[in-house]
Amino acid sequence: QSAATAAAFSADGSLLAVAYTPNVITLWDPLSTLLLSTLAQPLADAADSLCFVSFPADGGTLFAHSRRAFFCWSLLSGQLLWAYRAADVVAAAADPYSDVAL
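To start, this report covers the structure provided alongside it. (Residues numbered from 1 in each chain as written. Predicted model: local features only at pLDDT ≥ 70, side-chain atom pairs only at ≥ 80, totals over all residues. Heavy atoms only, no water.)

On to the pattern of salt bridges, then. Within the structure shown, the criterion is met by one salt bridge. In this structure, D45 engages R68 in a salt bridge whose closest nitrogen and oxygen atoms are separated by 2.6 Å. In this pair, D45 sits in the loop between strand 4 (34-40) and strand 5 (50-54) while R68 sits in the loop between strand 6 (61-66) and strand 7 (69-74), placing the two residues 23 residues apart along the sequence. On the basis of relative accessibility, which here comes to 27%, the residue D45 falls in the partly exposed class. R68 sits in the partly exposed class, given a relative accessible area of 34%. (Salt bridge = Lys/Arg side-chain N within 4 Å of Asp/Glu carboxyl O. Helix = DSSP H or I, 4+ residues; strand = E, 2+ residues; numbered from the N terminus. Buried < 20%, exposed > 50% of the residue type's maximum accessible area, 1.4 Å probe, protein only.)

One can find W28 in strand 3 (residues 24-29). Setting aside residues no more than four positions away along its own chain, W28 makes contact with S14, L15, L16, V18, T33, L34, L35 and L36. Side-chain polar atoms of W28 contact the side chain of T26, separated by 2.7 Å. (Contact = heavy atoms within 4.5 Å. Polar contact = N/O pair within 3.5 Å; in protein donor to acceptor, adjacent residues only side chain to side chain.)

Take the sheet that holds strand 4 next. Across the sheet, four strands lie side by side as 1-2-3-4; this open sheet has antiparallel pairing. The two strands at the open ends of the sheet, each matched to only one other strand, are strand 1 (4-9) and strand 4. Here the average twist between neighbouring strands, direction ignored, is 20°. (Pairing = 2+ DSSP bridges. Axes fitted to C-alpha atoms, helices over the stretch in contact; angles between N-to-C directions.)

Turning our eyes to something else, we now look at unusual backbone geometry. Residue T21 is joined to P22 through a cis peptide bond whose omega torsion reads -5°. If you trace the backbone, P22 turns up in the loop between strand 2 (16-20) and strand 3. Non-glycine residue T33 carries a positive phi angle of around 60°. In this structure, T33 sits in the loop between strand 3 and strand 4. The exposed category is assigned to T33, whose relative accessible area is 58%.

Within this structure, the stated rule accounts for two aromatic pairs. Ring geometry for F63 against W82: centres 5.9 Å apart, planes inclined by 55°, an arrangement best described as tilted. You can see F63 sitting in strand 6 and its partner W82 sitting in strand 8 (residues 80-85), a full 19 residues away along the chain. On the accessibility criterion, F63 (6% relative accessible area) is buried. (Phe/Tyr/Trp six-rings, centres within 6.5 Å; stacked < 30°, edge-to-face > 60°.)

Let's shift gears to the side chain of S74. Following the sequence through the fold, S74 ends up in strand 7. A polar contact is formed between the side chain of S74 and the backbone nitrogen of S77, at a distance of 3.3 Å. Apart from residues no more than four positions distant in its own chain, S74 is found in contact with G60, Q79 and L81.

With respect to the element layout, S66 can be found in strand 6. Side-chain polar atoms of S66 contact the side chain of D48, separated by 2.7 Å. Side-chain polar atoms of S66 contact the backbone nitrogen of R68, separated by 3.2 Å.

What follows is the structure, given as structure tokens:
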């Protein structure tokens, strides 16, 4: 078992995303506690792990980051839309009014 490292609710409260060490995100229906989906992305560095999840306002994507990478998944398909490797990620936030992550 791995530790939960981050969690976030969608804007309408219909989804709960929970990140686990090192690279797994589970999507839940918070009312029924039903596991809806599991997302995973291998990380380039074995010492790295996911530490942030957020739903942008568009409702169709999920952002996550580790200490060295950003990820964006489609909630409809469960596919990774894009990933970006970085030297050091200190913090991130999803804009609640658009589909932009900062």
